[in-house]
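This is what each chain is made of:
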Amino acid sequence: MTKPATTGASDPMAALATAQRAFDAAKAAAASSKEFLLHGWSPELVRFLALCLLGFTLLAIAIAAVLLWRSRATAYHVLRTIGVISILGISSVLVIVGYSTEQLTPIVGLFGAVAGYLLGKDSAGPPAARDQTKTTSLRGGRHH
């Protein structure tokens, strides 16, 4: 079987090989460059956004602490409020910083478990209030 004679200009395989070499050269140049952008963001932008999110989280915690202190909230409400704000802020920072999926999945899962524990579907209030209700109902509904 004889191979048909083809010229370099009309050979699609030669064009494909040339394009592949150009792509590989561009990829190597981008990877070795110090200004390689991760997800299209520069390291300075990622650092700025992470610091802004941390600052915003700390500001939200400070405002929540002042408001909770003024309203004389129970420790249970303080824990829930500060815990949820912290989890949201830290999770946002981790997403912005852009760790790989293998690293983010267990961390976000852990934060989700903690948030679920803090926000649980118990709407009766703090544990102390539930215990008082049980004790009162055992005494016949009268307050002593």
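That block above? That's the structure.
Note that the structure is a prediction, hence the values are computed from the model and not measured.

Draft legend 1. Highlighting the environment of Gly55. Position of Gly55 among the secondary structure elements: in helix α2 (residues 43–70). Overall, the relative accessible area of 36% leaves Gly55 in the partly exposed class. In sequence terms Gly55 and Gly89 are 34 residues apart; their C-alpha atoms lie 9.4 Å from each other.

Draft legend 2. Up close: the packing of α2 against helix α3 (residues 75–97). One can describe the packing of α2 onto α3 by two numbers: an axis separation of 9 Å at closest approach and a directional angle of 175°. Considering the angle they form, α2 stands roughly antiparallel to α3. Between α2 and α3, the contacting residues are Val46, Leu49, Ala50, Leu53, Leu54, Thr57, Ala60, Ile61, Ala64, Ala65 and Leu68 on the first element and His77, Val78, Thr81, Ile82, Ile85, Ser86, Gly89, Ser92, Val93, Ile96 and Val97 on the second. Of the residues belonging to the contact of α2 with α3, the class tally is 16 nonpolar, six polar and no charged.

Draft legend 3. Broad picture of helix α4 (residues 101–119). The terminal C-alpha atoms of α4 lie 26 Å apart, and with 19 residues this matches the ideal 27 Å at 1.5 Å per residue to within 8%. Within the sequence span of α4, burial applies to Leu104, Phe111, Ala115 and Leu118. Buried residues of α4, seen end-on, are gathered within an arc of 55° and therefore sit on one face of the element. Facing away from the buried side of α4 by more than 90 degrees, the exposed set consists of Glu102, Thr105, Pro106, Leu110 and Tyr117. In this structure, the buried residues of α4 make contact with α3.

Rules of the game
- Residues numbered from 1 in each chain as written.
- Predicted model: local features only at pLDDT ≥ 70, side-chain atom pairs only at ≥ 80, totals over all residues.
- Heavy atoms only, no water.
- Helix = DSSP H or I, 4+ residues; strand = E, 2+ residues; numbered from the N terminus.
- Buried < 20%, exposed > 50% of the residue type's maximum accessible area, 1.4 Å probe, protein only.
- Axes fitted to C-alpha atoms, helices over the stretch in contact; angles between N-to-C directions.
- Parallel < 35°, antiparallel > 145°, perpendicular 65-115°, else oblique.
- Contact = heavy atoms within 4.5 Å.
- Nonpolar A, V, L, I, M, F, W, Y, C, P; charged D, E, K, R; others polar.
- Expected span 1.5 Å × (residues − 1).
- Arc of directions from axis to C-beta.

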